[in-house]
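Residues per chain, in single letters:
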Amino acid sequence: QVQLVESGGGVVPTGGSLRLSCVASVSNFGFYTVGWFRQAPGKEREFVASVSREGSSTYYAGPAKGRFFVSRDFAEKTVYLEMNDLKPEDTAIYYCAADLRASTATMTTRKPDFWGQGTQVTVSS
């Protein structure tokens, strides 16, 4: 069982930045591909970005490309999502998820094995 805990959400103005963290409870976190997803009010959950087990490969959804950057720190068992130039449409609950079998690309369509509880990001206009 992998427990994931997100943090770093908050309220920022349009154009601001935030860095989200996802900390895992297991020492073999490096075995998992990790993705970030988000769910805005009244909308379905959508894929944002993913990072490979080795941390060498990343994959982004269209709205995130060029603004969001995903990375991982193996020593800290943490995956980060750095978000820049935030827009009101980025307002959502952001979740991290881990999957043992997914690639960075297939994280967009697979149902991950484990989910965090989410962290709220609000971008004010």
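As shown above, the structure is provided for reference.
Residues numbered from 1 in each chain as written. Predicted model: local features only at pLDDT ≥ 70, side-chain atom pairs only at ≥ 80, totals over all residues. Heavy atoms only, no water.

### Some thoughts on the sheet that holds strand β3 (residues 18–24)
Then, number 1: Read from one edge to the other, the open sheet built from four strands follows the order β1-β3-β8-β7, with strand pairing classed as antiparallel. Edge strands, defined here as strands with exactly one partner in the open sheet, are β1 (4–7) and β7 (68–73). Strand-to-strand twist in this sheet, taken as the mean axis angle between neighbours without regard to direction, amounts to 15°.
Then, number 2: In this structure, β7 lies alongside strand β8 (residues 78–83), joined through six bridges in antiparallel fashion. Pairing of Arg72 across the sheet is with Val79, part of β8. (Pairing = 2+ DSSP bridges. Helix = DSSP H or I, 4+ residues; strand = E, 2+ residues; numbered from the N terminus. Axes fitted to C-alpha atoms, helices over the stretch in contact; angles between N-to-C directions.)

### Section: the nonpolar core
Then, number 1: Counting residues in hydrophobic clusters, the biggest one holds 31 residues, and the most contacted among them are Leu4, Phe29, Trp36, Leu81, Met83 and Tyr94.
Then, number 2: Put simply, the parts of the chain that give this core at least two residues each are β3, β4 (33–39), β5 (46–51), β7, β8, β9 (92–99) and β11 (119–124).
Then, number 3: In this view, Leu4 contacts Cys22, Val23, Ala24, Phe29, Cys96, Ala97, Ala98, Phe114, Trp115, Gly116 and Gln117; residues no more than four positions away in its chain are not counted.
Then, number 4: Residues Phe37, Phe47, Ala61 and Ala97 belong to the second largest nonpolar core, which totals six residues. (Core = buried A, V, L, I, M, F, W, Y, C linked by side-chain atoms within 4.5 Å. Buried < 20%, exposed > 50% of the residue type's maximum accessible area, 1.4 Å probe, protein only. Contact = heavy atoms within 4.5 Å.)

### Details of the pairing of β7
Then, number 1: Here β7 shows a buried face lined by Phe68, Val70 and Arg72 and an unburied face lined by Phe69, Ser71 and Asp73.
Then, number 2: Between β7 and the antiparallel strand that follows it, β8, lie four residues; Lys77 among them carries a positive phi value of about 55°.

### Points about the pattern of salt bridges
Then, number 1: Going through the model one piece at a time under the given rule, you end up with six salt bridges.
Then, number 2: Note that Arg38 is salt-bridged to Glu46, the shortest N-O span being 2.6 Å.
Then, number 3: Residue class for Arg38 comes out buried when judged on its relative accessible area of 7%.
Then, number 4: The shortest N-O distance in the salt bridge between Arg101 and Asp113 comes to 3.1 Å. With a gap of twelve residues between them, Arg101 in the loop between β9 and β10 (114–115) and Asp113 in the loop between β9 and β10 connect regions that are remote in the sequence.
Then, number 5: In this structure, a network of salt bridges that share partners links the residues Arg38, Glu46, Arg67 and Asp90. (Salt bridge = Lys/Arg side-chain N within 4 Å of Asp/Glu carboxyl O.)

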